[in-house]
Amino acid sequence: MEKDTINIYEKKAEEMTAMHMISSDDRFEETEGGFVSMDYNGVHYDRVRFVRLFPFSDANKFISVREHGGEAREIGIIEDLDSMPKETRDIINRQLRLSYFTPVIQKIYSIKDEYGYAYFHVLTDKGECKFSINMGSNAVSKLSDTRLIIMDVDENRFEIRDVEKLTQKEKRMLDLFL
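Attention here is on the structure that accompanies the text.

What counts and how
Residues numbered from 1 in each chain as written. Predicted model: local features only at pLDDT ≥ 70, side-chain atom pairs only at ≥ 80, totals over all residues. Heavy atoms only, no water. Helix = DSSP H or I, 4+ residues; strand = E, 2+ residues; numbered from the N terminus. Buried < 20%, exposed > 50% of the residue type's maximum accessible area, 1.4 Å probe, protein only. Contact = heavy atoms within 4.5 Å. Areas by Shrake-Rupley, 256 points an atom, 1.4 Å probe, with all protein chains shown as cover. Lys, Arg positive; Asp, Glu negative; His and termini not counted. Charge placed at Lys NZ, Arg CZ, Asp CG, Glu CD. Pairing = 2+ DSSP bridges. Axes fitted to C-alpha atoms, helices over the stretch in contact; angles between N-to-C directions. Patch = residues over 30% accessible without salt bridge, like charges linked within 9 Å, V, L, I, M, F, W, Y side chains within 5 Å. Salt bridge = Lys/Arg side-chain N within 4 Å of Asp/Glu carboxyl O.

**Structural notes on the overall build of the chain**
Phase 1: A tally of regular secondary structure across the chain gives three helices and 13 strands.
Phase 2: Along the first, second and third principal axes, the C-alpha atoms of the chain reach 65 × 50 × 30 Å.
Phase 3: Taken across its 178 residues, the chain has 32% of its residues classed as buried.
Phase 4: Considering only contacts within the chain whose residues lie at least 6 apart along the sequence, 33% involve residues at least 24 apart.
Phase 5: Of the roughly 11,700 Å² of accessible surface on the chain, a fraction of 46% belongs to carbon and sulfur atoms.
Phase 6: Averaging the positions of the 26 positive and the 34 negative side-chain charges in the chain gives two centres separated by 7 Å.

**A short note on the sheet that holds strand β2 (residues 27-30)**
Phase 1: Strand order in the open sheet made by the three strands is β2-β3-β4, with antiparallel pairing throughout. At either margin of the open sheet sits one strand with a lone partner, and together these are β2 and β4 (43-45). If you compare each strand with its neighbour and ignore which way they point, the axes differ by 15° on average.
Phase 2: Relative to β4, strand β3 (residues 36-40) is paired through three bridges, and the arrangement is antiparallel.

**Some details on the pairing of strand β8 (residues 105-114)**
Phase 1: Both β8 and strand β9 (residues 117-124) contribute to a ladder of eight bridges, which runs antiparallel. Residue pairing in the sheet places Glu114 in a bridge with Tyr117 of β9.

**Description of the pairing of strand β7 (residues 74-80)**
Phase 1: Of the strand pairs in this sheet, strand β1 (residues 21-22) and β7 are connected by two bridges, and their pairing is parallel. Residue pairing in the sheet places Ile22 in a bridge with Ile78 of β7.
Phase 2: The pairing of strand β6 (residues 61-67) with β7 spans five bridges and is classified as antiparallel. Considered in β7, the bridge of Lys61 is made with Asp80.
Phase 3: Hairpin connection from β6 to β7: six residues lie between these consecutive antiparallel strands, with Gly69 at a positive phi of about 120°.

**Describing a nonpolar patch on the surface**
Phase 1: A cluster of nonpolar residues, Tyr117, Tyr119 and Val153, forms a patch on the protein surface that exposes about 250 Å² of accessible area.
Phase 2: Within the element layout of this structure, Tyr119 appears in strand β9.
Phase 3: A relative accessible area of 37% places Tyr119 in the partly exposed class.

**Some words on the pattern of salt bridges**
Phase 1: One pass over the full model with this rule turns up seven salt bridges.
Phase 2: As a salt-bridge pair, Glu30 and Arg94 come within 2.8 Å of each other at their nearest N and O atoms. Of this pair, Glu30 sits in strand β2 while Arg94 is found in helix α2 (residues 86-99), placing the two residues 64 residues apart along the sequence.
Phase 3: Residue classification places Glu30 among the partly exposed positions, given a relative accessible area of 39%.
Phase 4: By sharing partners, the salt bridges in this structure join Arg147, Glu159 and Arg161 into a single network.

**A word on the sheet that holds strand β11 (residues 140-142)**
Phase 1: Read across the open sheet, the three strands follow the order β11-β12-β13; overall the sheet is antiparallel. Two strands close off the open sheet at either side, each with one partner strand: β11 and β13 (157-160). Adjacent strand axes in the sheet meet at a mean angle of 20° when their direction is disregarded.
Phase 2: Looking at chain direction, strand β12 (residues 148-151) and β13 are connected through four bridges and run antiparallel. Its bridge partner lying in β13, Met151 is registered against Arg157.

Don't take any of this as a statement about function, it's just geometry.
Listed below in structure tokens is the structure:
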């Protein structure tokens, strides 16, 4: 390989692994369409999206700010959302609520296992819901001894905050996943 080619690859690798921290000086604005734009380091981004790096253990710490679209290249990281100005926090929190909508399951009416899928009928804090999961996947994740996250076939998330608060009948229905 030529030296110029090697330098190009080294530069790309350096750009990909560099960590940029977003500060309270960087500006976020809601667009007319309900999206968020950002000015960072002299560059304007028409639309950005936010990803929690630790969504369950530290939801307001280490928020990745990414370009919208195909590659979703990371622009930078907000180390602590609480350190940002209130207006910025409000804008980002609205976007995060849309991305991390996770109804909490309060009651399990039924779980039916058919043809490699489990069909759930539940009551959540957002209302009654029916969804299905693929039994062959890792659709049910244990976050602790009592807390579960369930991902349905459409990648919607549901949470059971404390399995111990369910009735014996509901726990028996969940035995297949515990």
